[in-house]
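# Residue-level structural notes
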Amino acid sequence: MSLDSITEQIAHFIGTFELTTEQARLRDQYEEFTALRRQAELEDLADPTRIEVSAHLKLETGEHNLLPYKFSAPQAEVPLPPATAEQLESLGAGPSQSFGLEFNFPQALELGSSIQLTMILKPEFITELIGSAVTYTVQKIRLTDNDTVGEGDFRDVDALIAQGDGLLAKALSLHATSSPSMDIQDYLSGAALEVLIDQMQTPLTPEVEGAEIHQFHGDDALGIVVNGEHVDEVPDFNELLPTHLKADEEEGTGDDTPNPWPAEWEQAEDPVFEDGHSVIAGGNLAVNEVAVTVSWIDAPNILVGGKATNLTVFSQVAVVSDVDEGEPGVQSETHVVQSSEIAVEANEASWLEDNVAEAGQEPVVDVDWISGDMLVTNFIKQVIDATDIDQIATDITATSTAYTLGENVMTNVTDILQLGSFYDMIVVGGDMTSVDAVSQTIVLSDNDVVHGAQPTEAEDNLVMNQVSLTTTGEDTHEELSETLAEVIPLQEVDTEALEDALLNDPMFAGTELVRVLKIEGDLLQVNVIDQVTVLQDDDDVYVDAPPGKEVAALGAGNGILNSAHVKKMGVDSVIRAKEEEYSDLLLHQASIFEDAMAEKTEIISEAVALMMEELDAPGKSEHAPGHNKLTPSEKAGLDDGLETMLA
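Because the structure is predicted, anything quoted here is derived from the model rather than measured.

Another point: the overall build of the protein chain. From N to C terminus, the protein chain includes 11 helices and 29 strands. Buried positions account for 41% of the 647 residues belonging to the protein chain. Long-range contacts, defined here as pairs at least 24 residues apart, represent 89% of the contacts in the protein chain between residues at least 6 apart. Looking at the protein chain as shown, the accessible area adds up to about 37,400 Å², and 51% of this sits on carbon and sulfur atoms.

Take a look at the structure:
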């Protein structure tokens, strides 16, 4: 017979109580048993806490006396043993030039006389020899998300993709310079530098109708430049994101009391499945992001046996086509932002204040040798090629409907941190080259055809190219003296000559330690970043909703970002080059933007213009992108019944 719940609980309690009582009783019995066993083991001992060890030794008293011993008094001075002539000849007179123990002997010493040895421990510096740092990073994303729901008179997908290829070709032609080389040998040979210098001196300024181009040379490019204008603040991509892509902020209820119920008991409705109808064909996010921080080598003084070249070129291009067709209000807006920030901050070497020798003390010179070239290079290429061409034609009869055809998220992220060593002087036997080149390209095609649906409140697109270069440590140039020029060609076998030259140079007078990096070859520092993002979001949406019902459609709401941040951390340096010194800076921003509200000639690229020339009549072609601004007379003259119906 089964027990009721109360009786069952009482039975469980009684059983638990009996088990606990039995466990305590057994524990007492075990402890008593253990104590009795210990007592049986120790009963042979008189005192268990005292152990006596007896040894049977056959020694008779009085026959074995202790040996006499006493401590001798310590002597005040213990003279050193006399040195022989052979020893003096092998050691030599005067201070030793090597690190370690140093012996000083008098110039005249008679044989058999005692001498005093004075040991001076000179500092011995053990540093980890720094080498080259070379990175290659290639990241590519290829997305094909062309969805088709139902059957309709949709635009040809292949023709739309061909149009996007044409826009990309046009965007690449709008750059001020050609794509920087990613071959180290091109920079070591100087071929890439000659091409880059020539293109920076005469940058490309394409005369394309509808193109907006801004170029800044030299110091004019410093600071923050947004869409060709100097501003005080860098735009924030997250703040400008379309509403659909922003993270939902949690709204507080004002009551911090935790919910006592399990999470699965929560019966709140999912907003996606609330009553209503929606079609999401856009809402894509594509991000290429690079962050490079370089602090490899630097010094307050740099000697260069060849040329000293410093080049910085930023080229940003954005091409956008956003022309929608449908009921009033279907046209989306696209915000194009191209931002550049270039800053140089002073940073004096912090160790110079403490690197002071005592009066009369000569500097200690420590030299690291590199027999070949030193390379500090980062080559990064990021590509996103995405097509989200969605086509839907459907009759909606359900109570609530949600079609999600877009909302793709694509990200390429690279983060590089390079930390090395600082010196008091860097000596470069060959050329010293520094190149920072960033190329950013964005192409967005968002030409939608929407019928039977109303646009949502988040119909904005955001296109942003963002680049920044922050240099810590200012470089100044001075003439190379004859004394320092003689130091540059010295080889590792001439270490003593190099040390003597630096010891006698007034530049290091009063300095305790001089750390030197001697590079016999070239010093090459290069950061090349190439970012390309292409997104085609050309959607065809045809829906037929029940009477009195509305369908919300999101054909836009895309966010595209190319972001590159380079930080070069060093100290204020004085560069003395034996040959010429050359420095140049170029910022190039170009954009082509076509939308239905623009009051200008509707030519976005050569590819689009070529397709428009092939039309047999206004708005009638299998290659037409689906958006044409036709006058009422042109619409009335069309023979295509479908075009007339849609108009």
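From this point, the discussion proceeds with the structure in view.
We now examine the pattern of salt bridges. Evaluated as defined, the whole model comprises 7 salt bridges. When the shortest N-O distance is used, the salt bridge between Lys307 and Glu580 registers 3.6 Å. Taken together, the positions of Lys307 in the loop between β8 (301-304) and β9 (308-322) and Glu580 in the loop between β28 (573-577) and β29 (581-595) put the pair 273 residues apart, joining distant regions of the chain. Classification of Lys307 as partly exposed rests on a relative accessible area of 35%. Measuring nitrogen to oxygen at the nearest pair gives 3.4 Å for the salt bridge that ties Arg515 to Asp424. Here Arg515 is found in strand β23 (residues 513-519), whereas its partner Asp424 is found in the loop between β16 (409-422) and β17 (425-428), with 91 residues between them in sequence. On the accessibility criterion, Arg515 (26% relative accessible area) is partly exposed.

This part takes up empty space enclosed by the protein. Counted by the stated rule, this structure contains 1 cavity of 30 Å³ or more. The volume enclosed by the largest cavity comes to roughly 60 Å³. Lining the largest cavity are Asp324, Val330, Asp448, Val450, Pro455, Glu459, Ala553, Leu554 and Gly555. Taken together, the residues of the lining of the largest cavity sort by class into 5 nonpolar, 1 polar and 3 charged.

Moving on, we come to the confidence of the model for the protein chain. Mean pLDDT over the protein chain stands at 79; residues scoring 70 or higher make up 73%. Of the regions scoring below 50 in pLDDT, residues 111-122 engages in 32 contacts with residues more than four places distant in sequence or in other chains.

Counting residues in each nonpolar core, the largest one holds 38 residues, and the members touching the most others are Trp296, Ile297, Met374, Ile426, Leu517 and Ile519. Tallying contributions element by element places strand β7 (residues 285-298) first for this core, with 5 residues. Look past the residues within four positions of Trp296 in its chain and what remains in contact with it is Ile130, Gly131, Ser132, Ala133, Met374, Val376, Gln418, Leu419, Gly420 and Ser421. Core analysis: the next-biggest nonpolar cluster, separate from the first, contains 17 residues, Val313, Leu375, Val435 and Val528 among them.

Here we take up the sheet that holds strand β27 (residues 559-569). Pairing within the open sheet is mixed, and its 7 strands lie in the order β5-β4-β11-β21-β27-β7-β16. Edge positions in the sheet fall to β5 (229-231) and β16, since each of these pairs with one other strand and no more. When the angles between neighbouring strand axes are averaged without regard to direction, this sheet yields 15°. Two elements, β7 and β27, share 10 bridges in a ladder whose sense is parallel. Across the sheet, the residue bridging to Val287 is Leu561, located in β27.

The pairing of strand β6 (residues 276-280) with strand β15 (residues 400-404) spans 5 bridges and is parallel. Each bridged residue has a counterpart across the sheet, and for His277 the counterpart in β15 is Thr401. Bridge count for β6 against strand β26 (residues 551-554) is 4 bridges, and the pairing is parallel. Note on β26: the bridge partner recorded for His277 is Val551.

It is worth spelling out the packing of aromatic side chains at this point. Scanning all chains against the criterion turns up 4 aromatic pairs. Aromatic side chains Tyr187 and Phe379 sit 6.2 Å apart centroid to centroid with 35° between the ring planes, which places their arrangement in the tilted category. With Tyr187 in helix α4 (residues 184-189) and Phe379 in strand β13 (residues 374-387), this pair connects stretches of sequence that are 192 residues apart. Ring centres of Trp351 and Phe422 lie 6.0 Å apart, and the angle between their planes is 40°; this geometry places the pair in the tilted category. Separated by 71 residues along the polypeptide, Trp351 in the loop between β11 (333-345) and β12 (364-370) and Phe422 in strand β16 bring together distant segments of the chain. Here Phe422 falls in the partly exposed class, since its relative accessible area comes to 25%. Feature note: the residues Tyr136, Tyr187 and Phe379 constitute an aromatic cluster, connected by ring pairs. The lysine or arginine in question, Arg515, covers the ring of Trp351, its NZ or CZ lying 5.3 Å from the ring centre.

Tracing the backbone shows Gln531 in strand β24 (residues 523-536). The buried category is assigned to Gln531, whose relative accessible area is 0%. Within the local environment of Gln531, its side chain forms a polar contact with the side chain of Gln440, the two groups lying 3.0 Å apart. Other than its neighbours up to four places away in sequence, Gln531 contacts Asn288, Glu289, Val290, Gln382, Ser439, Gln440, Thr441, Asn562, Ser563 and Ala564.

Although it is not a glycine, Asn227 sits at a positive phi angle of roughly 50°. Note that Asn227 resides in the loop between β4 (223-226) and β5. For Glu407, which is not glycine, the phi dihedral falls at a positive 55°. Mapped onto the fold, Glu407 is located in the loop between β15 and β16. Look at Glu407 and you get partly exposed, because its relative accessible area is 36%.

Let us look at a negative patch on the surface. Together, Asp232, Glu233, Asp236 and Glu239 make up a region of like negative charge exposed at the surface. Of note, Asp236 is situated in the loop between β5 and α6 (237-240).

Turning our attention to the layout of surface pockets. To find the voids left in a structure, one rolls a probe of water-molecule size over its atoms. Of the voids in this model, the largest pocket is the one considered here, and its volume is about 980 Å³. If you trace the largest pocket, you find 45 residues lining it, with Asn310, Ser434, Thr471, Asp475 and Lys568 closest to the centre. Here the residues of the lining of the largest pocket sort into 20 nonpolar, 17 polar and 8 charged.

Among the structural elements, Thr399 can be located in the loop between β14 (391-395) and β15. Owing to a relative accessible area of 61%, Thr399 belongs among the exposed residues under this scheme. The sequence separation of Thr399 and His277 amounts to 122 residues, and the corresponding C-alpha distance is 8.1 Å.

Time to look at the pairing of β17. Consecutive side chains along a regular strand alternate between the two faces of the sheet. Here β17 shows two buried faces, one formed by Met425 and Val427 and the other by Ile426 and Val428. When β8 meets β17, the two strands line up parallel, connected through 4 bridges. When the sheet's bridge partners are listed, Ile302 is paired in β17 with Ile426. Bridge analysis of β17 against β23 gives 4 bridges, and the strand direction is parallel. Within the sheet, the bridge partner assigned to Val428 lies in β23 and is Ile519.

Thresholds applied
- Residues numbered from 1 in each chain as written.
- Predicted model: local features only at pLDDT ≥ 70, side-chain atom pairs only at ≥ 80, totals over all residues.
- Heavy atoms only, no water.
- Helix = DSSP H or I, 4+ residues; strand = E, 2+ residues; numbered from the N terminus.
- Buried < 20%, exposed > 50% of the residue type's maximum accessible area, 1.4 Å probe, protein only.
- Contact = heavy atoms within 4.5 Å.
- Areas by Shrake-Rupley, 256 points an atom, 1.4 Å probe, with all protein chains shown as cover.
- Salt bridge = Lys/Arg side-chain N within 4 Å of Asp/Glu carboxyl O.
- 1 Å grid on protein atoms, 1.4 Å probe; cavity = no way out; pocket = protein on both sides within 12 Å on 5 of 7 lines; lining within 4 Å.
- Points joined across faces, edges and corners; volume = space filled by probe spheres on them.
- Nonpolar A, V, L, I, M, F, W, Y, C, P; charged D, E, K, R; others polar.
- pLDDT = per-residue confidence, 0-100.
- Core = buried A, V, L, I, M, F, W, Y, C linked by side-chain atoms within 4.5 Å.
- Pairing = 2+ DSSP bridges.
- Axes fitted to C-alpha atoms, helices over the stretch in contact; angles between N-to-C directions.
- Phe/Tyr/Trp six-rings, centres within 6.5 Å; stacked < 30°, edge-to-face > 60°.
- Lys NZ or Arg CZ within 6 Å of the ring centre and 35° of its normal.
- Polar contact = N/O pair within 3.5 Å; in protein donor to acceptor, adjacent residues only side chain to side chain.
- Patch = residues over 30% accessible without salt bridge, like charges linked within 9 Å, V, L, I, M, F, W, Y side chains within 5 Å.
- Lys, Arg positive; Asp, Glu negative; His and termini not counted.
- Charge placed at Lys NZ, Arg CZ, Asp CG, Glu CD.

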